[in-house]
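# Reading the structure
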Amino acid sequence: MFPTISHGAVRLRVDAMDGRSRQVLVDEVNGEVYEVMRVEVPGASWVEVPAGDLIAYLRAALNEE
């Protein structure tokens, strides 16, 4: 994934050259919880994800079509 900082959160993109590629924003709430949002998905909202589940959640979110 290709990370950038955007709107105070880390933005991960599947394809850095394609602004419409699947992407998520990740924001640290505290050391134990992160908020994640899929970008450009209708009705998307921030989801709280425990730190231990973050990598698996991001992989799943970025692999969804």
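Note: the structure precedes this text.
These numbers come from a predicted model, not from an experiment. The residue numbers shown here count from 1 along each chain, following its written sequence. Predicted model: local features are reported for residues with pLDDT of at least 70 only, side-chain atom pairs are reported and counted for 80 or more only, and whole-chain, interface and lining totals are derived from all residues. Heavy atoms throughout the structure, all of them, feed into the side-chain values; hydrogens and water do not.

### What about the nonpolar core?
- In this structure, Leu12, Val24, Val26, Tyr34, Val36, Val49, Leu54, Leu58, Ala61 and Leu62 together form the largest nonpolar core, which totals 10 residues.
- Residue assignment for this core shows that the elements contributing at least two residues are β3 (23–30), β4 (33–38) and α1 (54–63).
- Only DSSP runs of H or I covering at least 4 residues are called helices, and only runs of E covering at least 2 are called strands; the numbering of each starts at the N terminus. Among the elements that make up this core, the one with the highest residue count is α1 (four residues). To define a nonpolar core, start from buried Ala, Val, Leu, Ile, Met, Phe, Trp, Tyr and Cys residues and group those joined through side-chain atoms within 4.5 Å. Exposure classes here rest on a 1.4 Å probe applied to the protein chains alone. A residue is buried below 20% of its type maximum, exposed above 50%, and partly exposed in between.

### Quick word on α1
- Among all positions of α1, only Leu54, Leu58, Ala61 and Leu62 are buried. Across the axial projection of α1, the buried residues extend over an arc of 90°, all falling on one side. Opposite the packed face of α1, turned more than 90 degrees from it, sit the exposed residues Ala56, Arg59 and Asn63. Working note: the arc is built from the helix axis to C-beta atom directions.

### Things to note about the environment of Glu35
- Within the secondary structure layout, Glu35 lies in strand β4.
- A residue is classified by how much of its surface remains accessible, and Glu35, at 23% relative accessible area, is partly exposed.
- The spacing of Glu35 and Leu54 is 19 residues in sequence and 9.3 Å in space, taken between C-alpha atoms.
- If sequence neighbours within four positions are ignored, Glu35 has contacts with Leu25, Val26, Asp27, Val29, Trp46, Val47 and Glu48. Two residues form a contact once any of their heavy atoms are found within 4.5 Å.

### Observations concerning the pairing of β3
- In the sheet, strand β2 (residues 9–13) pairs with β3 via four bridges, with the strands oriented antiparallel. Pairing of Leu12 across the sheet is with Val24, part of β3.
- In this structure, the hairpin formed by β3 and β4 is closed by a connection of two residues. For two strands to pair, DSSP has to find at least two bridges joining them.

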